[in-house]
Structure formats: C-alpha cells, structure tokens
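# Fold and contact review
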Amino acid sequence: MKRFFSFKCCSGSSKVVMGDVGEILMSVLSTIRVPKPGDRVHKDECALSFASPESEGGLYVCMNSFLGFGSQYVERHHARTGQRAYLHITRTRKAKVDCNDISSFQWDGEVRQESKHAADLKQLDNGLKIPPTGWRCEVCDLQENLWMNLTDGKVLCGRRYFDGTGGNNHALLHFQETGYPLAVKLGTITPDGADVYSYDEDDMVLDSKLAEHLSHFGIDMMTMEKTERTMTELEIAVNQRVGEWEVIQESGTTLRPLFGPGLTGMKNLGNSCYLNSVMQVLFTIPDFQNKYVANIDKIIDEAPSDPTQDFKTQVLVQFLSFITVEIKHQIGIAPRMFKALVGRGHPEFSTNRQQDAQEFLLHFINMVERNCRSGSNPSEAFRFLVEDRIVCQQSQKAKYTQRVEYIVQLPVPMDQATNTEELQEAEQRREEGDSSAPTVRAQIPFTACMAALSEPEILTDFWSSAVQAKTAATKMTRFASFPDHLVIQIKKFTFGLDWVPKKLDVSIDVPDTLDLSALRATGQQPGEELLPEVAPPPLMTPDVEVKALPLHPLSAPVLDDSTVSQLCEMGFPLEACRKAVYYTGNTGIDSAMNWIMGHMDDSDFSAPLVLPGGSSGPGSTPTESLSEEHLATIVSMGFSRDQATKALRATSNVLDRAVDWIFSHLDDLESMDVSEGGRSAVESEGGRDPPPGPRVRDGPGKYELFAFISHMGTSTMCGHYVCHIKKDQQWVIFNDQKVCASEKPPKDLGYLYFYRRVTE
C-alpha cells in the first residue's frame, strides 16, 4: 500500500498577493499544534462521512483538533473554525483480492492489535536460556499447550478449557502472582510470528519486538518450526468438528461476491464481528433509516465541534456508509469512531474481547433510547409489552403485571429432540472411547420451543396476599402488544450440571413466517378476582426468630458479603447476587445459586434490589439532587416526571440502572402513593389522565423472517458472528467486510432472528 502526504492551506481568499505570503504563513503556523499524550489523531476516517485516505480525494486531518475530514467537508470545517492547516493523506492499494477465489471469503481468525506492553517490555537478566525442543511445564510436567512468559522465561501450561482439556492454569497463576503480562505459545513460533497472549489485556495480541524478546532467552525465531496448532486453528477445528463452520459460512458452495449501496461490508477491528452483524441488520430497518438519513442536513449542521463524540452524527455516518457507497469491489468500512463511541465507559464493549451479540443489541437500543429526547425513536420498532398472569392455586385469585421487552428469549427443550436415538448412540460411542463417533446435532422442533415459552409455569414458593402465606401458583406469559419488528433469541448458551458455561448444539426448524395471534394477552377475565395489593412480610433470617430488615430510606439490607462475592466471581451481575442472598435469607451459596438459576430469565434479574416500602439497597437519592438531564431523558421515553423521579431515586441517580428499573417496575409505577408535587395518585386522577407508560406500537401478530445472526464457537466469549439478510427476495451473507449472495442460508443454526410484521 502506498501512502502520500501533503499539506493543504485554506486562505479564505481566491487571490493572494506576494506581500501577504509571509503574513499568511505565520497565521497558518500559529494554528498548528503538536499532539499531546492522550490526543487522538483521526487519520483513518472522516468525522462526518465514511471517507478515508483510500477514498477519492483522500482525508484531511486538522492540524489543531486532529479531526479527519473528507474532501466534501474540509471546506465546511474551515469556514466554521477558521482553521487553515490540514494534513492531506491518500492511500492506494497495491494488491487486489481475487473476488473469484472463495477462500478469500472465509473467516480466518480475529484481527489482533499491538500490545501496549510490547514496546517497553521489561525482561529479567536471569541468564535463563530456553532449548528449542523438549519443553515441560515447570509445575505439573505437561508437555503440550505450553506458554513461555516473556519477562522471566518461565515455561508453564495454559488455561484449562471448559471441557476439562487444555492445561492447569499455571501460566495464568504465574501472571497473577508476578504481574508479568506477555506470554508466547511454544510450538507456534515461526519466522512469521507466533501466538502471543496478554494477560493484562486479556486478549491475543501482536508483539512487534517478538524476535528481540525471544532472543533474550536464546530462541532464534528465524530457525523455529511450528509444532502446535495456533489458538485460531484450535477454535476453527472445534467449529469444524461440530459442522458450524462449513454450514454457517456456506463453505461448500461457490458464493458470488456483492457490492454497492446496501451491500457494504464492515472491517473486523479485532473481535468486532458481533457489532458488525448487529449493525448490518439494524441499518436495514426503516425506522433507523428515517430517523437519521432523513435528517442528514440537520444532524450535520448541529454537530458539535468534535463530531466523533456525538451519537447521532456517528450513527448517521455509519448509515451513509451502508446505503450510499458506490464501489466496483468490496473494500469494507472500518467503524473505529463508532465502536469507540458506543463502547465508551462500558466494561465489556470498550475492550477488544469477543462479546454477546444479544447483549450488544440491547446496549445499542439503550443508547438510542437515551439519545432520542425529541422526535421519533427508532427503538420503538422493537418495543412491546408482556403480560404476566399469576394465579394463586389456593385462592384462585389472580395478579396481572406488564413489563416492557425488546427481545423474545426462546427456550430450547432438549428433551423434545426428534433424533433422540441417534444422539444417545453417538454419546455412548464417545463414552466408550470411539474417536470415529459422528457429531450428531439435536433436532428441536420450533413448535416445541414456542410451547415451552407459552406453557404455564409452576411457582412453588409464591407469597399470596390473599392467604397471607407462601403457596403454589401458576404463571402465564402472553403478549400485551405486538411490535413492528420482533427479535427472537434462541437460548443456546446455558450452564452444565457443574455450572460450567456451554453452548447447546441444536438445529431448529425456524419458519419463514410466524403467527403469534394466539399468544395475545386477554387481561382480567369476567368474574375473576384480583389478589389484594399487600406487601409481603419482612424477611426472616435463620439466626433470629423474627428479624425485620431495616426499611428506613437510608438503610441497607444485611447481606452475607462473602456469598455475594462468590456469586459475582462466577460472572453473575452484582444486583442479581444481592437479591439471591437477600431472598434466600443468607442461607449460603447453594441456596443462593439455586435462586439465581431459577430467576435468570426474570426481566428484572439484574435490576437493583428494591425493598418493600423502601428504596434500593444502596440507598435513595433526594429529589433536589436528581439530575435534570437524567429526568429529561426518561420523560422523553414516554414516562411522567413523577415516574422518572421514582426510578432515579431507587437507583441512586444512575441513568442506565433507572431505565432498566422503570421498564421492570411498571406495576409499581401505577400504584405510586405520593407524586413529586405532593398529590396522591387518587387526587391526580381526578384532574387529569393517568401518567402515560412507555410508547408501544401494536398490530397483528403475523411476521416474516428477514434476517438472522449466527454464532460459531463454544461460547459467547470466543468464536465468530455472521449475519444473513434478505434483500429483494435474495438472501445475502455478511461476513465482516465480505459480502456474498447466499446459496444455502443456514436458518436452522441462527442465534438471533429478526422478523417484520406482515401487513395485509
């Protein structure tokens, strides 16, 4: 790739006399500054469009703010800021991808980034020299999956995999004891490189000084030969064994590359395939197109001085890159600014680690909600109401509650597999040590999944306000409204009997059309009595006969911190862990774990713990200290100011938590005792209509499939995502920047399915 640099000077005048040259030059130089530590230099993409150094006209980098602008917007920036000096960067590609070579359209591992430790890595002068062969773990004598720490030369075994294979975690334990960050996998070293892992960055990385670092311990990189599979090869091998790799990526057929408007790929920035797949689907939905593309002039004109930090601007830039790119070959768009913005401040999405596409979809919807304070809200296309009907079996009285959802989580009843005999035979052969036993995928009918979703759930520990005691109850879930676009998640990721995460290898005959009309909620039935609105009694702890937890607004529940910590270390949300310990009366890890496994599907599973008649566990927030910006954000979503106030009070004025809380406590909001203005709910109803709830659309429950996202790998923490989208009656596969016409879309192996309403 060739790079060219030049400087552009915007004089602001069409004529410049010689006597003014020195004066203009000094004026220009006065606006130039040197980047400081922490300054981001945007030399790869335009802040207001999809232009890059490879685009026609190249990229202009402001020498004061270091923002990049395409040729279409550089004059605009000069006119608004008076900046005159820009670095002009152009790039031309020397090599061309053979679009007829299908091997170039297969995923070959995630893009790795240079480690922050590589340039200045500390290496101990301990005289240690590592032989070229014959390695063993210095702790357990394992002879495979060995990693050499690049700081002290220790050779230790790698991590233990989910299935019990791999190593004994000794390399990881060594890092935890010493803090030495980088290790290289022995057996993968060749003159071209090796597998290098950064424990501190928790990812596979690049080490530009690897040859120097290896030489320190007597290893000549240029003479080494590969004797073990790389981590990428191991992951692909797992995918190939279960057949996901070939089927999902359609590797057995010749795929025709596509390009042009609506067919633009997205480059993988390092484990960013989850983001690429989700955004490809969202950009096809009219609500998102109308929100941003229809307002392009307004958004650009109102963009702040640093457009890279403006949500609306960056979403618009990504939209434009998808629908207006005119190219004759597939180059892909690199969404660096967009990824940095949507992941900023998030503990997971701000990293380069692989993530759950479903969690990212909800995270992005949450960002859209917060940034749509006026005008249309495209996330309303997914929003729907769910009605839960709980009937006390002893009194036969019922309770109705509604909650907002954006995704339908569909359970996978493994006991309903139609090929049980084949599964049992294959499992028996594997247990007998038959290495040639075939991999058999469970065939689960979609109707069985829907039946598992809609069938009554038995609640054995329900506190009935009618009988003032715990008793059995049945819970029925139905749709109180049907959204314009329905998202279905197949719950493939679960826990084994040993609490180890695993992925269900299943094939589900997901239909092209769907009719959910029979699952519409009917509300209170004629003659049906409702359960009294009475709060349950205080929690009884096992050490005291009657010990009510403190309910003062500034008090907190008494919880066993050690049990909460153990649950958090297993990866469960903090608030869910606190609730598990609270509702099991501090009776230990086993009962708390059972509570968690029984409530993981609850809509408020990770919402803050809210005590009866009180506030959330950490305490409440006085009205006068609530953020007006947070209040305005929640009000813009269709809730009243009183409701927004209660949500923020219950969550210590944390906006994200308040949004989650308000959507999972709609029934609480409807029975607010006193509003912010001091009027009771009854008094308020006399003078005006009840406070509005979240805006939801409704219509027929008939849908057609238009997209699905598939995952390859053993868990959401690794692997790869691709998406298939139906465009003009043709299925198209989007595999990062590679876009092709799909011949055999693997609709039975998807993870997230996207349906749109069928209008008659």
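Residues numbered from 1 in each chain as written. Predicted model: local features only at pLDDT ≥ 70, side-chain atom pairs only at ≥ 80, totals over all residues. Heavy atoms only, no water.

## A short note on the overall build of the protein chain
When helices and strands are tallied, the protein chain shows 22 helices and 27 strands. With 760 residues in all, the protein chain has 48% of them scored as buried. By sequence separation, contacts in the protein chain at least 24 residues apart represent 69% of the contacts at least 6 residues apart. Accessible surface computed for the protein chain: about 36800 Å², of which carbon and sulfur atoms make up 51%. (Helix = DSSP H or I, 4+ residues; strand = E, 2+ residues; numbered from the N terminus. Buried < 20%, exposed > 50% of the residue type's maximum accessible area, 1.4 Å probe, protein only. Contact = heavy atoms within 4.5 Å. Areas by Shrake-Rupley, 256 points an atom, 1.4 Å probe, with all protein chains shown as cover.)

## Focus: the side chain of Asp388
Residue position: Asp388 is located in strand β12 (residues 384-392). Of the residues examined, Asp388 reaches a relative accessible area of 7% and is grouped as buried. There is a polar contact of 2.2 Å between the side chain of Asp388 and the side chain of Arg403. Beyond its immediate sequence surroundings of up to four residues, Asp388 is in contact with Lys399, Tyr400, Thr401, Arg403, Lys475, Met476 and Thr477. (Polar contact = N/O pair within 3.5 Å; in protein donor to acceptor, adjacent residues only side chain to side chain.)

## Observations concerning the sheet that holds strand β7 (residues 155-157)
Strand order in the open sheet formed by six strands is β5-β10-β9-β8-β6-β7, and the pairing between neighbours is mixed. Of all the strands in the sheet, just β5 (113-114) and β7 have a single pairing partner and so form its edges. Note that strand β6 (residues 146-149) and strand β8 (residues 182-185) share three bridges and pair antiparallel. Note that in β8 the partner of Met148 across the bridge is Val184. Relative to the sheet, helix α3 (residues 170-178) contacts β6 and β7, its axis offset from that of β7 by approximately 120°. (Pairing = 2+ DSSP bridges. Axes fitted to C-alpha atoms, helices over the stretch in contact; angles between N-to-C directions.)

## Section: helix α12 (residues 357-371)
Look at α12: 21 Å from first C-alpha to last across 15 residues, which is about the 21 Å you get at 1.5 Å a residue. Burial runs high along α12: 11 of the 15 residues are buried. Between the side-chain oxygen of the N-cap and the backbone nitrogen of Gln358 there are 2.9 Å, and the N-cap of α12 in question is Asp356. (Expected span 1.5 Å × (residues − 1).)

## Overview of helix α19 (residues 641-650)
Side chains that are three or four residues apart share a direction in an α-helix, a result of its 3.6 residues per turn. Burial runs high along α19: seven of the 10 residues are buried. Listed in full, the buried residues belonging to α19 are Asp642, Gln643, Ala644, Thr645, Ala647, Leu648 and Ala650.

## A short note on the environment of Val408
Residue placement: Val408 occurs in strand β14 (residues 408-410). The class for Val408 is buried, based on a relative accessible area of 8%. Val408 sits 45 residues away from Leu453 along the chain, and the two C-alpha atoms are 9.2 Å apart. When near neighbours in sequence (up to four residues on either side) are disregarded, Val408 contacts Phe384, Leu453, Phe479, Leu486, Val487, Ile488 and Gln489.

## Some remarks on the pairing of strand β2 (residues 59-62)
Alternating positions in β2 separate into two faces, Leu59 and Val61 on one and Tyr60 and Cys62 on the other, with burial throughout. Of the strand pairs in this sheet, β2 and strand β3 (residues 68-70) are connected by three bridges, and their pairing is antiparallel. Counted as the bridge partner of Val61 is Gly68 from β3. Sheet topology places β2 next to strand β4 (residues 85-92); four bridges connect them, and they run antiparallel. When the bridges of β4 are listed, Leu59 appears paired with Ile89.

## Focus: the pattern of salt bridges
Applying the stated criterion to the full structure yields 25 salt bridges. With a shortest N-O distance of 3.3 Å, Lys116 and Asp200 are connected by a salt bridge. One end of the pair, Lys116, is in the loop between β5 and β6; the other, Asp200, is in the loop between β9 (196-198) and β10 (203-206), and 84 residues separate them in sequence. The partner of Asp287 in a salt bridge is Arg697, with the nearest N and O atoms 2.8 Å apart. Note that Asp287 is positioned in helix α8 (residues 286-292) and Arg697 in the loop between α22 (681-687) and β23 (702-712), a separation of 410 residues in sequence. With relative accessibility at 18%, the residue Asp287 sits in the buried group. If you follow the salt bridges from partner to partner, you end up with Asp287, Glu380, Asp484, Arg695, Arg697 and Arg757 in one network. (Salt bridge = Lys/Arg side-chain N within 4 Å of Asp/Glu carboxyl O.)

## A word on the nonpolar core
In this structure, Met279 and Phe364 are the most contacted members of the largest nonpolar core, which totals 73 residues. Setting aside its immediate chain neighbours within four residues, Met279 contacts Met266, Phe338, Phe360 and Phe364. Counting residues in each nonpolar core, the second largest holds 30 residues, with Ile189, Leu210, Met221 and Met224 among its members. (Core = buried A, V, L, I, M, F, W, Y, C linked by side-chain atoms within 4.5 Å.)

## A look at the UniProt feature "active site" (unreviewed entry) in the protein chain
Here the UniProt feature "active site" (unreviewed entry) sits at Cys273 and His720. With the annotated positions falling across 448 residues, the maximum pairwise C-alpha distance of 6.5 Å places them together in a single cluster. Given the relative accessible area of 0%, Cys273 is considered buried. (UniProt positions renumbered as here; feature names shortened; annotations may be inferred.)

## Looking at the packing of aromatic side chains
In this structure the tally under the stated criterion is 19 aromatic pairs. With a centroid separation of 4.2 Å and 55° between ring planes, the pair formed by Phe283 and Phe319 is classed as tilted. Residue Phe283 is found in the loop between α7 (273-282) and α8, and its partner Phe319 is found in helix α10 (residues 311-323); the two are separated by 36 residues along the sequence. When sorted by exposure, Phe283 lands in the same class as Phe319, which is buried. Through pairs of rings, three or more aromatic residues link up here, namely Tyr274, Phe288, Phe311, Phe338, Phe349, Phe360, Phe364 and Phe382. (Phe/Tyr/Trp six-rings, centres within 6.5 Å; stacked < 30°, edge-to-face > 60°.)

## A word on unusual backbone geometry
Notably, Asn145 is not glycine yet its phi reads approximately 55°, a positive angle. Along the polypeptide, Asn145 turns up in the loop between β5 and β6. Of note, the phi angle at Gln468 is positive, near 55°, even though the residue is not glycine. In this fold, Gln468 is placed in the loop between β16 (457-464) and β17 (469-479). Given a relative accessible area of 48%, Gln468 falls into the partly exposed group.

## Side note on the side chain of Asn268
When you line up the elements, Asn268 lands in the loop between β11 (256-257) and α7. Separated by 2.9 Å, the side chains of Asn268 and Asp736 make a polar contact.

## Describing the sheet that holds β16
The four strands are arranged β13-β12-β17-β16 in an open sheet whose pairing can be described as antiparallel. Either end of the sheet is taken by a strand with one partner, and the two such strands are β13 (398-405) and β16. When the angles between neighbouring strand axes are averaged without regard to direction, this sheet yields 35°. Bridge count between β12 and β13: eight bridges; the pairing is antiparallel. The residue of β13 that forms the bridge with Ile390 is Lys399.

## Looking at the packing of helix α16 (residues 574-583) against helix α17 (residues 589-599)
The N-to-C vectors of α16 and α17 enclose an angle of 120°; their axes lie 8 Å apart at closest approach. Judged by the angle between their axes, α16 and α17 are oblique. For the pair α16 and α17, the crossing hand works out as right-handed. In contact with Ala576, Cys577, Lys579, Ala580, Val581 and Tyr583 of α16, α17 contributes Ala592, Trp595 and Ile596. Looking at side-chain class alone, the contact of α16 with α17 contains eight nonpolar, no polar and one charged residues. (Parallel < 35°, antiparallel > 145°, perpendicular 65-115°, else oblique. Left-handed = near helix turned anticlockwise from the far one by under 90°. Nonpolar A, V, L, I, M, F, W, Y, C, P; charged D, E, K, R; others polar.)

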